[in-house]
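# Observations on the three-dimensional arrangement
This is what each chain is made of:
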Amino acid sequence: MRIVPVYGEGFFHVTWGLIYYTIIFDYIDLEGEYYEYVRDPRARRMEERESKRLMQEAMDSERTIINGVEVRPIVDTVKLHFRGGRRRHSLTFHIRIPFNPLEGVNVYENYYEPSRAEYPYTVYWILPPNGRVRLVESPGRVAFRNKGRIAVIQVKRGTKITGYEAVEFEIKRGEG
C-alpha cells in the first residue's frame, strides 16, 4: 500500500489549565488498497491503536514547556475516517496538554527535530473570549483574527522547519 500525506491541520483550544489539541492528517491512497484493508473492523481498530501509539511516541520525543515547566501531551483518542472517497482518508487525534496557567501572559514552547514540511498544513491557536495570542514564533505565515484571539499559521510544503515553536498568550482565571 502506498499512502501519502497531503494536508494537516492542528487546533490548539486553550482553556485555564488545559490545552485541547486536535490534529487532522489527510492522506491519499495511491493504489486504492487501504480502504479494503480497513473495512474489517478489527483491522481498523488495529490501525487506530497503532496510530495512537506512534503519535504518543512522537509527542514523547518532543519537549513541550509551558511557563518554564515541562509538560507531557497525552494522546486520548484517534479516529480513522474517509472523506472525499475511498482513496482519501484522515486520521484525527485528540490530545490534551495540562499546564499550570498564569494570570496574564503564558508561554508555550515546543522543541523537536528540524525538518522540511512534507505537505502543507495549518495550525490554529484559539483562546477564550477574553484571551489573546500575543506572539507566535513558528515557520510559515502567521495571521491574527478576532482581535488576536485566534492565530492562524500556514505552512507550505517544502518549508524549512527549525524545530522550535513558541506562542505567548494571555488568559484569565476560569476561562474556557
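Presented here is an overview of the structure given in this document. (Residues numbered from 1 in each chain as written. Predicted model: local features only at pLDDT ≥ 70, side-chain atom pairs only at ≥ 80, totals over all residues. Heavy atoms only, no water.)

Positionally, Glu9 belongs in strand E1 (residues 3-15). With no salt bridge to any partner, buried Glu9 finds its closest opposite charge in Arg83, at an N-O distance of 4.7 Å. (Helix = DSSP H or I, 4+ residues; strand = E, 2+ residues; numbered from the N terminus. Buried < 20%, exposed > 50% of the residue type's maximum accessible area, 1.4 Å probe, protein only. Lys, Arg positive; Asp, Glu negative; His and termini not counted. Salt bridge = Lys/Arg side-chain N within 4 Å of Asp/Glu carboxyl O.)

The next point concerns the side chain of Asp29. Following the sequence through the fold, Asp29 ends up in strand E2 (residues 18-29). With no salt bridge to any partner, buried Asp29 finds its closest opposite charge in Arg87, at an N-O distance of 6.1 Å. Here Glu31 takes part through its backbone nitrogen, which lies 3.2 Å from a polar atom of the side chain of Asp29. In this structure the side chain of Asp29 is engaged in a polar contact, spanning 2.7 Å, whose partner is the backbone nitrogen of Tyr34. Excluding residues that lie within four positions of it along the chain, Asp29 makes contacts with Arg2, Ile3, Tyr34, Tyr35 and Arg87. (Polar contact = N/O pair within 3.5 Å; in protein donor to acceptor, adjacent residues only side chain to side chain. Contact = heavy atoms within 4.5 Å.)

Moving on, we come to the nonpolar core. Ile19, Phe93, Ile95, Trp125 and Phe169 are the most contacted members of the largest nonpolar core, which totals 38 residues. The dominant element in this core, judged by the number of residues it contributes, is E2, at five residues. (Core = buried A, V, L, I, M, F, W, Y, C linked by side-chain atoms within 4.5 Å.)

To continue, consider the packing of aromatic side chains. Per the counting criterion, the structure on display carries 14 aromatic pairs. Their ring planes at 15 degrees and their centres at 3.9 Å tell us that Phe12 and Tyr21 sit as a pair that is stacked. Both residues of the pair, Phe12 and Tyr21, belong to the buried class. Ring geometry for Tyr119 and Tyr121: centres 6.5 Å apart, planes at 65 degrees, overall edge-to-face. A residue is classified by how much of its surface remains accessible, and Tyr121, at 17% relative accessible area, is buried. Each residue in the set Phe12, Tyr21, Phe99, Tyr108, Trp125 and Phe169 is aromatic and connected to the rest through ring pairs, giving one cluster. (Phe/Tyr/Trp six-rings, centres within 6.5 Å; stacked < 30°, edge-to-face > 60°.)

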